[in-house]
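Spelled out from the first residue to the last, the chains are:
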Amino acid sequence: MSDHQDQSPEAIRHAVLDRYSQIASEFDPAMAADCCAPAPAAAAEAAAGCCDDAREAAYFDHIYQTDLSGLPVEVTGLSLGCGDPLAVASLQPGQTVLDLGSGGGIDCFLAAAEVGEQGHVIGVDMTEAMLARANANLEKLGATNVEFRRGEIEALPVEDETVDVIISNCVINLSTDKPAVFHEAFRVLKPGGRLAVSDMVRLGELTAEERADLVSWSGCIAGAEEVDFYVRQLARAGFTHISIRDRDQPDIELAGALHLPMAKARVFSARITAVKEGNGEQGTGNGG
């Protein structure tokens, strides 16, 4: 990494935007898309299988518990997630669902099938090329209960208290202002609404070099926050009943647990859920 590389939030945002625009523009249905760009060796090692040579077999294949057989390869091939948010979303017919960073639309289309024709799904993405792919997929599928909007997850183009469930799949880690993301999520959720996302988090510290590397940001490594930070920021936004569980060890609750210092950071995919209390008041959750 160059010592003169611009590491400002705006530079990181542009690096992420450029990377995902390239993925969408160059997407070939005959070959699944890949969010992992070349990363520094130390950062790749910290990811423990996320973005190394064995990443597809170890981490990104077979991540969905949901049946994907009804979706065309133009949708499934452009999946860039690290988990299955629908597995913890508990969607019900008639609900309004918001997908933060909807990409090619896979999670939106899966959610649409669960909420039915009386429900509604909104996908928000900042990447024009991804939105073009998503809308082409929407036309191909003919789904009438899905729409895609251009916008940033730190400033959602969604009205206050209009959403029942927020989902997201390996996107929040890409933001340089996660507190803003959580506050926006809280704003648009109805009282009693839920956040149910898959995201990359970590236990232990990344080095300053790993945190600053722009390629590692777009590869879902450098932006992964510590579990305790994630919990604190969700709680400060007003969420309660916060849960963070390793996708591969779902029986172990990490939110509020004691985490011993680690010599080397471990970055992993987590299932994260939280609730906006029915009375709309801000609570402390597990973050104190």
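Keep in mind it's a predicted model, so treat the numbers as computed, not measured.

Caption draft 1: A look at the overall build of the protein. Counting its regular elements, the protein contains eleven helices and eight strands. Taken over 288 residues, the protein has a buried fraction of 53%.

Caption draft 2: Spatial organisation of the pairing of strand 5 (residues 189-203). Counting buried residues along strand 5, eleven of its 15 residues qualify, which places the element largely inside the surrounding structure. Inspection of the sheet shows strand 4 (residues 163-169) paired to strand 5 by six bridges, in the parallel sense. Within the sheet, the bridge partner assigned to Val165 lies in strand 5 and is Arg194. After leaving strand 4, the chain enters helix 8 (residues 178-188) and then returns to the sheet as strand 5, a path that is right-handed.

Caption draft 3: Quick peek at unusual backbone geometry. Despite not being glycine, Cys170 shows a phi value in the positive range, around 60°. By secondary structure assignment, the location of Cys170 is in the loop between strand 4 and helix 8. Using a relative accessible area of 3% as the deciding quantity, one classes Cys170 as buried.

Caption draft 4: Region of the structure containing the pattern of salt bridges. Enumeration according to the criterion identifies 13 salt bridges in this entry. A salt bridge links Lys276 to Glu161; its shortest N-O distance comes to 3.5 Å. Residue Lys276 is located in the segment after strand 8 (266-275), and its partner Glu161 is located in the loop between strand 3 (146-150) and strand 4; the two are separated by 115 residues in the primary sequence. Overall, Lys276 belongs to the buried group, its relative accessible area being 3%.

Caption draft 5: Summary view of the packing of aromatic side chains. Taken as a whole, this structure holds three aromatic pairs when the rule is applied. Here Phe182 and Tyr230 contribute two aromatic rings whose centre-to-centre distance is 5.1 Å and whose plane-to-plane angle is 50°, an arrangement assigned as tilted. Of this pair, Phe182 sits in helix 8 while Tyr230 sits in helix 11 (residues 227-237); the two residues are 48 residues apart in sequence, bridging distant segments of the chain. Tyr230 matches Phe182 in its accessibility class, with the two residues each being buried.

The rules behind these values
- Residues numbered from 1 in each chain as written.
- Predicted model: local features only at pLDDT ≥ 70, side-chain atom pairs only at ≥ 80, totals over all residues.
- Heavy atoms only, no water.
- Helix = DSSP H or I, 4+ residues; strand = E, 2+ residues; numbered from the N terminus.
- Buried < 20%, exposed > 50% of the residue type's maximum accessible area, 1.4 Å probe, protein only.
- Pairing = 2+ DSSP bridges.
- Right-handed = clockwise from strand over helix to strand, strands pointing away.
- Salt bridge = Lys/Arg side-chain N within 4 Å of Asp/Glu carboxyl O.
- Phe/Tyr/Trp six-rings, centres within 6.5 Å; stacked < 30°, edge-to-face > 60°.

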